[in-house]
Amino acid sequence: MSVDRTPGLKENVPQKKRQRFHFDLWFCLTLQNWILDFGRPIAMIILPLEWFPLNKPSAGDYFHMAYNVITPFLMLKLIERSPRALPRTAVYLCIITFVMGASIHLVGDSINHRLILSGYQLHLSVRENPIIKDLQPASLIDSFELLYYYDEQLGHLMWYIPFFIILFIYFTGCFTEAKEQKKIPVSGWLLLGPSALYYWYLVTEGQITELFLLTFLAMVVMVIYQQRKGLSPDSNGLFLFCSFSVTVLLVALWVVYLWNDPVLRNKYPGLMYVPEPWSYYTLHIKENH
């Protein structure tokens, strides 16, 4: 009789061995998030345009391609190290959807950032942009709105929903009775700030506040439920939970800071007012330089 020996995803009894803080994985995730995701649009702006013609992939596009490969790999490694058996089917479906959504976003985001070099203003809607509103025939504007939809809505949802589901699935396996495993080491505290700050960028720029808050609420509920069973988050679960807690605070401060901005209020009219950092950049920083 054959036995499935897939590391970390096999159906077995929860392991009793002590789980160490996964500093290597958390560090790699944080570093590549900052370089390949946050640094992607910056690389597109600062590197000479002659190196990357407008009809060819930009430096940021290559960053995005690397992100689409490295991030799911690191997340699978994180799942493998879970001290408990996790649902394989859910993990695999999330990884597949994540890669597809991030790839859709790659194409849309590449074109949108090329438009910025031609005068496109991120703090305005598609139809209000000076380089778009007078296009002829007018049906071309619909095409740009479709591009925006793939980039900022469909791509983000297919990218971020499985991303947070995977983190939550991992979090559900990070509970222990051992007191010595319930402390974040110094290396974890050093990573906490950069990790939380990146999630702030992810939530605000990705416009996924509702998704993030739902994930955080689910984590809070899971903590309460497990505590009734005498279990608490281990060092890895505590690191993830604290990172999200600090992110909630940072998002709240960001909203308060821009609460009375009339231009951004016009672009983000919904109940959940959370402006994008790059919209703030094109409105208040780029215009002043």
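All values derive from a computational prediction rather than experimental measurement.

Asker: Explanation requested: the overall build of the protein in the structure shown.
Answerer: Check the secondary structure of the protein and you find 9 helices and 2 strands. When its helices and strands are written in sequence order, the protein yields α-α-α-α-β-α-α-β-α-α-α. Relative to the 2.2 N^0.38 estimate, which gives 19 Å for 289 residues, the radius of gyration of the protein is 21 Å and therefore close to what a compact globule would have. For the protein, the spread of C-alpha atoms along the principal axes amounts to about 65 × 45 × 30 Å. Here the protein holds 289 residues, and 47% of them are scored as buried. Within the protein, residue pairs in contact and separated by at least 24 positions form 78% of the contacts whose partners lie at least 6 positions apart. Within the structure as shown, the protein displays about 14900 Å² of accessible surface, and the carbon and sulfur contribution to it stands at 67%.

Asker: Would you take a moment to explain the nonpolar core for this structure?
Answerer: Taken as a class, soluble globular proteins show a tendency for nonpolar side chains to be buried jointly. Membership of the largest hydrophobic core comes to 60 residues, with the highest contact counts inside it found for W26, F164, L240 and F244. Going through the elements one at a time, α1 (23-46), α2 (59-80), α3 (88-117), α4 (139-172), α5 (186-206), α6 (209-227), α7 (235-257) and α9 (277-285) are the ones with two or more residues in this core. With residues up to four places along the chain from it excluded, the contact list for W26 reads F21, L78, Y170, L191, N236, F239 and L240. Of all hydrophobic cores here, the second largest spans 5 residues; its members include L115, V126, I132 and I141.

Asker: Hey, could you run me through the pattern of salt bridges in this one?
Answerer: Any two side chains of opposite charge can pair, given that their charged atoms come close. In total, this model carries 7 salt bridges according to the counting rule given. The residue D109 makes a salt bridge to R40 at a minimum N-O spacing of 2.3 Å. Residue D109 is located in helix α3, and its partner R40 is located in helix α1; the two are separated by 69 residues in the primary sequence. A single burial state applies to D109 and to R40, both of which are buried. Notably, a salt bridge pairs E276 with K267, separated by 3.9 Å at the nearest N-O pair.

Asker: Just checking my understanding: could you explain the state of the cysteines for this structure?
Answerer: Put plainly, two cysteines are in a disulfide when a covalent bond ties their sulfur atoms together. On inspection of all chains with the given rule, the structure shows 0 disulfides. C174 provides the cysteine sulfur closest to C94, a residue in no disulfide bond, and the two sulfurs are 16 Å apart. Note on C94: relative accessible area 8%, which makes it buried. You can see C242 has no disulfide; the closest cysteine sulfur is in C174, sitting 13 Å from it.

Asker: I keep staring at α9 and nothing clicks. Help me out?
Answerer: Each α-helix winds once per 3.6 residues, and so residues spaced three or four apart point in a common direction. For α9, the set of buried residues is P277, W278, S279, Y280, T282 and L283. The elements touched by buried residues of α9 are α1, α5, α7 and α8 (262-267).

Definitions and limits used
Every chain is numbered on its own, with residues counted from 1 as its sequence reads. A pLDDT threshold of at least 70 governs which residues receive local features in this predicted model, and a stricter bar of 80 or more applies before side-chain atom pairs are shown or counted, although totals over entire chains, interfaces and linings include all residues. Side-chain numbers here rest on the full set of heavy atoms in the structure, without hydrogens or water. Here a strand is any run of E in DSSP of at least two residues, a helix any run of H or I of at least four, and the numbering for each starts at the N terminus. For the radius of gyration, the atoms used are the C-alpha atoms, and the globule rule reads 2.2 Å times the number of residues raised to 0.38. Here's how the labels work: a residue is buried when its accessible area is under 20% of the maximum for its type, exposed when over 50%, partly exposed in between, all with a 1.4 Å probe on protein chains only. Should any heavy atoms of two residues lie within 4.5 Å, those residues are counted as being in contact. Residue burial considers only the protein chains on display, and all accessible areas are found by Shrake-Rupley using a 1.4 Å probe. Put simply, buried Ala, Val, Leu, Ile, Met, Phe, Trp, Tyr and Cys residues joined by side-chain atoms within 4.5 Å make one nonpolar core. What makes a salt bridge here is a side-chain nitrogen of Lys or Arg within 4 Å of a carboxyl oxygen of Asp or Glu, nothing more. Sulfur atoms of two cysteines make up a disulfide when they are within 2.5 Å.

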